[in-house]
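These are the residues of each chain, in order.
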Amino acid sequence: MRLTEAYLLQAEAIVASGGNHEDAKVLLKTVLQRAGVTDFTEVDGAATSEELQWLIIKEEMKNFVGEAGQDWLAQRRLPFSTIQELQPTLINNTLLILPIPRDEMNRNIKLSGMQNPGYGQ
């Protein structure tokens, strides 16, 4: 786990739990500043939990793209309507469901013939 990930997860948890937005903004700004960002107008202007959550998740997606799907996992925490704006090809939320890996299904007889409900629909 990187420090960036810890800061962003903490910021997201603060917002999700109804905590102090300023605390979350400080963490987000720290990550942005380390990336060379100097204009925090958008962060300072985030007035609602939804706006601040979007900024945090957007930063998670930028920081973790291609890293074991962490960018995708961050995206899944957004409202489905926002996800659809990012990826218009998603026509329903069942398309966010991952399959049970074939190897796992082959090794575990209790999973024989089963798959995550909604996967592939």
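Up top is the structure these notes are about.
The text that follows walks through the structure, step by step, so that each part is easy to find. For every chain, the first residue of the written sequence is number 1, and numbering continues from 1 along that sequence. Two thresholds apply to this predicted model, a pLDDT of at least 70 for residue-level local features and 80 or more for giving and counting side-chain atom pairs, whereas whole-chain, interface and lining totals are computed over all residues. As a rule here, side-chain values cover all heavy atoms of the structure and leave hydrogens and water aside.

1. Structural notes on the layout of surface pockets
And step 1. Within this scheme a cavity is a closed region of a 1 Å grid, computed over the protein atoms alone, that accommodates a 1.4 Å probe without allowing it to escape, whereas a pocket is open but has protein on both sides within 12 Å along at least five of seven lines; lining residues each have an atom within 4 Å of a point. Grid points are joined across faces, edges and corners, and a volume is the space filled by probe spheres set on the points. Taken as a whole, the largest pocket holds about 170 Å³ of empty space.
And step 2. Taken together, Leu28, Leu32, Val37, Asp39, Phe40, Glu42, Val43, Leu55, Lys58, Glu59 and Lys62 make up the lining of the largest pocket.
And step 3. The numbering of helices and of strands both runs from the N terminus, where a helix is a DSSP run of H or I of at least 4 residues and a strand a run of E of at least 2. Elements with a minimum of two residues in the lining of the largest pocket: helix H2 (21-34), helix H3 (41-45) and helix H4 (49-63).
And step 4. Per-element tally for the lining of the largest pocket: the top contributor is H4, with four residues.
And step 5. Under the scheme applied, nonpolar residues are Ala, Val, Leu, Ile, Met, Phe, Trp, Tyr, Cys and Pro; charged residues are Asp, Glu, Lys and Arg; polar residues are all the others, including Gly. For the lining of the largest pocket, a count of residues per class yields six nonpolar, no polar and five charged.

2. Re the pattern of salt bridges
And step 1. Basic side-chain nitrogens of Lys or Arg form a salt bridge, by our definition, when they fall within 4 Å of a carboxyl oxygen of Asp or Glu. Within this structure, the stated rule accounts for five salt bridges.
And step 2. Measuring nitrogen to oxygen at the nearest pair gives 3.7 Å for the salt bridge that ties glutamate 22 to lysine 25. With glutamate 22 and lysine 25 both in helix H2, this residue pair falls three residues apart, about one helical turn.
And step 3. The buried label applies to any residue whose accessible area, calculated with a 1.4 Å probe on protein chains only, is under 20% of its type's maximum; exposed applies above 50%, and partly exposed to all values in between. For lysine 25, a relative accessible area of 5% translates into the label buried.
And step 4. Across the pair aspartate 44 and lysine 29 runs a salt bridge whose closest N-O atoms are separated by 2.4 Å. Remark: lysine 29 occurs in helix H2 and aspartate 44 occurs in helix H3; sequence separation between them is 15 residues.

Interpretation in functional terms is not warranted from these geometric data alone.
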